[in-house]
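Working through the structure, step by step
Each chain, letter by letter, is given below.
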Amino acid sequence: MNIILLGPPGAGKGTQADRLVKERGMKQLSTGDMLRAAVKAGTPTGLKAKAVMDAGQLVSDEIVSGIIGDALDAMPADQGAIFDGYPRTQAQAVSLDEILSARGRKLDHVIELVVDEDKLVERIVGRYTCANCGAGYHDTFKQPKVAGTCDVCGHHEFKRRPDDNEETVRTRMAEYRAKTQPILPYYEAKGLVAKVDGMADIDHVGAAIDAILGDK
Ligand code: AP5
């Protein structure tokens, strides 16, 4: 099964993808995570992407579609893919169709996480991850069980994303409204879109997604 999780910054795409990976053995393909890894490694792609990402704007379609094709090629052909943060433009949506069909895959669902943008700023500005294993936390919604200690690996250092400040988040949301939301009709015309209330708590959002995807 191949699915897209679509929604603005902070809608919960990464949170739900993480759960689907653990519960269904699917592979999360997050263009944001892959670009951040390229920035950290100092690759040519990372060098091109860094300033654009720090400003909250979109990296070029060619770069991200190339990354997605390479990531699919590195996966077993029978493993399901969760597209998290891709596609983000009409050109990327068209590229994804070509990329999937060239690999004998098809898209099964586009899950739109419907959220109240005003409340997303709090979600994003409050989130942080373990600097060692990447486990996600939030100042208000998901703190470690023992303060200052990662639940997963016991590490004591945490980090925040450079683009998770309020000003950049507002730019990312404007980019979503201008370039990503307009691709929904493309998928609605194919009968692929299901809407989920992304403002419900994390478990309820997960249950709603499970109801759409069917048996594990
Ligand atoms: P990317 O990394 O994709 O960031 P984003 O889309 O802005 O999404 P986020 O990761 O910020 O949010 P999310 O929806 O995953 O929310 P999360 O689950 O973490 O992209 C970053 C940048 O890379 C872009 O700006 C762009 O420059 C570039 N880029 C990436 N892909 C690109 C592409 N295809 N084309 C061009 N450029 C691209 O949740 C947020 C917080 O809320 C967490 O703390 C979580 O615990 C909490 N939370 C989640 N769900 C709930 C809930 N239901 N209730 C309460 N709290 C919740």
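Just so it is clear, the structure is predicted and the values come from calculations on it, not from any experiment.

**What to know about the site of the ligand**
- If you check the shell around the ligand, you find 35 residues, and the closest are Pro9, Gly12, Gly14, Gly32 and Gly85.
- Those elements giving two or more residues to the shell around the ligand turn out to be α1 (13–24), α2 (31–41), α3 (44–54), α6 (117–125), β6 (136–138) and α9 (202–213).
- Tallied by class, residues from the shell around the ligand come to 13 nonpolar, 14 polar and eight charged.

**Here's the deal with the UniProt feature "binding site: AMP" (unreviewed entry) in the protein**
- According to UniProt, the feature "binding site: AMP" (unreviewed entry) maps to Thr31, Arg36, Gln57, Leu58, Val59, Gly85, Tyr86, Pro87, Arg88, Gln92, Arg161 and Arg172 in the numbering used here. Taken along the chain, the residues just named run across 142 residues; in space they spread out, the farthest C-alpha pair reaching 24.4 Å.
- In this structure, Gln57 sits in the loop between α3 and α4 (61–73).
- Contact partners of Gln57, with chain neighbours within four places excluded, come to Val52, Thr171 and Glu175.
- Assignment of secondary structure puts Gln92 in helix α5 (residues 90–102).
- Ignoring anything within four residues of it in the chain, the contact list for Gln92 reads Asp61, Val64, Ser65, Tyr86 and Pro87.

**Side note on the UniProt feature "binding site: ATP" (unreviewed entry) in the protein**
- UniProt marks Gly10, Ala11, Gly12, Lys13, Gly14, Thr15, Arg127 and Ala200 with the feature "binding site: ATP" (unreviewed entry), using the numbering shown here.
- By secondary structure assignment, the location of Ala11 is in the loop between β1 (2–6) and α1.
- Ala11 has contacts with Leu113, Val115, Leu120 and Gly198, leaving out every residue within four places of it along the chain.
- Looking at the secondary structure, you find Thr15 in helix α1.
- On the basis of neighbour counts, which here come to 22 C-beta atoms within 10 Å, the residue Thr15 falls in the buried class.
- Leaving out residues up to four positions away in the same chain, Thr15 has contacts with Gly136 and Ile202.

**Regarding α2**
- Those residues of α2 that sit buried are Thr31, Met34, Leu35 and Ala38. Angularly, the buried residues of α2 cover 100° about the axis, an arc narrow enough to put them on a single face.
- The secondary structure elements touched by the buried residues of α2 are β2 (27–30), α3 and α4.
- Positive backbone phi, at 70°, marks Gly42, one or two positions downstream of α2.

**Considerations on the sheet that holds strand β7 (residues 158–159)**
- Spatial ordering of the open sheet is given by β6-β5-β7, a layout of three strands whose pairing is antiparallel. Each end of this open sheet is capped by a strand with a single partner; those strands are β6 and β7.

**A short note on the pairing of strand β5 (residues 127–130)**
- Pairing of β5 with β6, which is carried by three bridges, proceeds in the antiparallel orientation. Counted as the bridge partner of Tyr128 is Tyr137 from β6.
- In this antiparallel pair of consecutive strands, β5 and β6, the connection spans five residues, and Gly134 shows a positive phi of 85°.
- Taken together, the two bridges between β5 and β7 define a ladder with antiparallel strand orientation. By the bridge assignment for β7, Thr129 is matched with Lys159.

**Some details on the sheet that holds strand β3 (residues 81–84)**
- Taking strand neighbours across the sheet as the criterion, the five strands line up as β2-β3-β1-β4-β8 in an open arrangement whose pairing is parallel. Edge positions in the sheet fall to β2 and β8 (193–197), since each of these pairs with one other strand and no more. Ignoring which end each strand starts from, the neighbouring axes of this sheet average 25° apart.
- Relative to β3, β1 runs parallel, the two sharing four bridges. By the bridge assignment for β3, Leu5 is matched with Asp84.

The rules behind these values
Residues numbered from 1 in each chain as written. Predicted model: local features only at pLDDT ≥ 70, side-chain atom pairs only at ≥ 80, totals over all residues. Near = placed C-beta within 6 Å. Helix = DSSP H or I, 4+ residues; strand = E, 2+ residues; numbered from the N terminus. Nonpolar A, V, L, I, M, F, W, Y, C, P; charged D, E, K, R; others polar. UniProt positions renumbered as here; feature names shortened; annotations may be inferred. Contact = placed C-beta atoms within 7 Å. Buried ≥ 20, exposed ≤ 12 C-beta atoms within 10 Å, placed from the backbone. Arc of directions from axis to C-beta. Pairing = 2+ DSSP bridges. Axes fitted to C-alpha atoms, helices over the stretch in contact; angles between N-to-C directions.

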